Amino acid sequence: MKTELNPRQVLRRMRRNLGKLGAKAKERQVRLVTATLRAESRRLANATAGTWTHSEAQATVMQLRVALSRLTVSMTAGLGEDLVRATVVSHRDAVTYLRAADKAYAGAVRPLRFEAAEFLDRAAANAGTARISNYGKSFARYGAELTRAVEEAASRSALLGVSWHDAANEVSAALRTEAGLRDWEIRRVVETEVSAAYNQMQLDALLSEDNDPRDRMMKRLMAVFDKRTGRDSVLLHGQTQPVREPFYDATRGRFYMAPPNRPHDREMVIGWRQSYGDAAVRDAQE
C-alpha cells in the first residue's frame with residue numbers, strides 16, 4: 001500500500017527533485033562539450049603532418065568554428081529538453097503538494113484546475129522556447145570565446161613555423177583551457193534556467209488556483225540551507241505574498257514573481273490557501 005506524504009515530506013522531495021534536475025542538465029552540457037573537444041583533438045592529431053602554415057591555420061580555425069557552432073546548437077537544444085523535463089516534474093510536484101496540503105489543512109482534497117492534461121502540454125511547449133533566446137545567446141558567446149582562443153593559438157603557431165604535431169597540441173590545449181575557464185558560465189546558465197522552468201510551473205499552478213476572492217492563494221519563498229547558501233537567501237527565506245503580487249529582494253532592490261531572481265538562485269516557491277491558517281506557515285518553516 002502506497003504511503004501518502006504530508007506537506008513537509010512533499011516539500012523535501014520537491015527540493016531534491018529541483019537539485020537533481022539541475023545536476024542532470026549540467027551533466028548533459030559537460031558531456032556535449034567533452035565529446036566535441038575530444039573529437040576535434042583527435043582530428044587535429046590525425047591530420048597530415050608537416051609544417052604548420054598560415055593557410056593550414058586558417059583552414060583549421062574554420063573547421064573548429066563549424067564544430068563549435070554545431071556544439072552550441074546542440075547545447076541549446078539539450079537545455080530546451082531539460083527545461084521541458086523540469087516543467088513536467090514540477091507539474092507533478094505541484095499536484096502532489098497541493099493535494100497533500102488540502103488534505104492536511106482543509107480536510108479534503110479539492111479538484112485542481114492545473115491537473116488538466118492541456119495545462120501541462122501548454123506549459124511544456126512553452127518551457128523549451130520561452131527563454132531560448134536568452135540561453136541561445138549565452139551559448140553562442142561561449143562558442144565565440146572558444147573560437148577566439150583557438151584562433152590565437154593557431155596564428156601564434158603559424159608565426160613560429162612549428163610542426164603540425166606541435167601546433168595541433170597547442171591548439172587542442174588552448175581549446176581545453178578556454179573550455180575549462182568558462183565552465184562556470186555554462187553551469188550558471190543551466191542551473192538558473194532549470195530553476196526558472198521549475199518555479200514558473202509552480203507559479204502558473206498557483207495562479208490557476210487563485211479563483212476565489214474569499215480564499216486567496218498565497219506564495220512563499222523557500223531557501224536551501226547548506227554551505228552554498230548566501231546571506232541574501234537567508235533574508236528572503238519565508239517571504240510571503242499573494243500569488244499575483246511580486247516578491248521583493250531588498251538586497252538588490254528588485255521585484256520578481258518567482259525564483260530565480262539572480263544567477264545560481266536555488267530558492268523555490270510554494271503555495272497555500274488562506275483558509276489553511278497558520279498551520280501551513282509553521283509546517284513550511286524548515
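This structure is a prediction, so every number in the text was calculated from the model and none was measured. (Residues numbered from 1 in each chain as written. Predicted model: local features only at pLDDT ≥ 70, side-chain atom pairs only at ≥ 80, totals over all residues. Heavy atoms only, no water.)

Now for the overall build of the chain. Per the secondary structure count, the chain includes 8 helices and 5 strands. Element order for the chain, N to C, with α for helix and β for strand: α-α-α-α-α-α-β-α-β-β-β-β-α. Residue burial in the chain is summarised as follows: out of 286 residues, 47% are buried. Within the chain, contacts between residues at least 6 apart in sequence are counted, and of these 77% link residues at least 24 apart. For the chain, the computed accessible surface area is about 14,500 Å², with 53% contributed by carbon and sulfur atoms. (Helix = DSSP H or I, 4+ residues; strand = E, 2+ residues; numbered from the N terminus. Buried < 20%, exposed > 50% of the residue type's maximum accessible area, 1.4 Å probe, protein only. Contact = heavy atoms within 4.5 Å. Areas by Shrake-Rupley, 256 points an atom, 1.4 Å probe, with all protein chains shown as cover.)

As a further point, take unusual backbone geometry. Residues other than glycine predominantly adopt negative phi, and peptide bonds predominantly adopt the trans conformation. Note that the residue after Pro259, namely Pro260, is joined by a cis bond; omega there is 0 degrees. The residue Pro260 is located in the loop between strand E4 (254–256) and strand E5 (268–273) in this model.

What follows is about the pattern of salt bridges. Scanning the entire structure with this criterion turns up 23 salt bridges. When the shortest N-O distance is used, the salt bridge between Arg156 and Glu170 registers 2.8 Å. Of this pair, Arg156 sits in helix H4 (residues 132–160) while Glu170 sits in helix H5 (residues 164–181), and the two are 14 residues apart along the sequence. The exposure class assigned to Arg156 is partly exposed, which follows from its relative accessible area of 40%. Each of Glu145, Arg148, Glu152, Glu178, Arg182 and Glu185 takes part in salt bridges that share partners, so that together they form one network. (Salt bridge = Lys/Arg side-chain N within 4 Å of Asp/Glu carboxyl O.)

Trp52, Leu79, Leu98, Phe114, Val171, Val194 and Ile270 are the most contacted members of the largest nonpolar core, which totals 69 residues. Secondary-structure elements contributing two or more residues to this core are helix H1 (7–45), helix H2 (54–106), helix H3 (117–127), H4, H5, helix H6 (183–209), strand E1 (217–222) and E5. If you tally residues by element for this core, the top one is H2, at 17 residues. Every residue in contact with Trp52, bar those within four places of it in the chain, is listed here: Ala57, Thr60, Ala154, Ser157, Ala158, Gly161, Val162, Ser163, Trp164, Ala167 and Val171. (Core = buried A, V, L, I, M, F, W, Y, C linked by side-chain atoms within 4.5 Å.)

This part is about the packing of aromatic side chains. For the structure shown, the criterion picks out 4 aromatic pairs. Judged by centre distance (5.3 Å) and plane angle (50 degrees), the rings of Tyr105 and Tyr276 are tilted. You can see Tyr105 sitting in helix H2 and its partner Tyr276 sitting in the loop between E5 and helix H8 (278–283), a full 171 residues away along the chain. Sitting over the ring of Phe247, Lys219 keeps its end group 4.6 Å from the ring centre. (Phe/Tyr/Trp six-rings, centres within 6.5 Å; stacked < 30°, edge-to-face > 60°. Lys NZ or Arg CZ within 6 Å of the ring centre and 35° of its normal.)

Attention now moves to H1. Helix length check: H1 (39 residues) gives 57 Å between terminal C-alpha atoms against 57 Å at 1.5 Å per residue, within 8%. By the N-cap criterion, in which a side-chain oxygen at the helix start approaches the backbone nitrogen of a residue two or three places on, H1 is capped by Asn6, the distance to Arg8 being 3.1 Å. (Expected span 1.5 Å × (residues − 1). Polar contact = N/O pair within 3.5 Å; in protein donor to acceptor, adjacent residues only side chain to side chain.)

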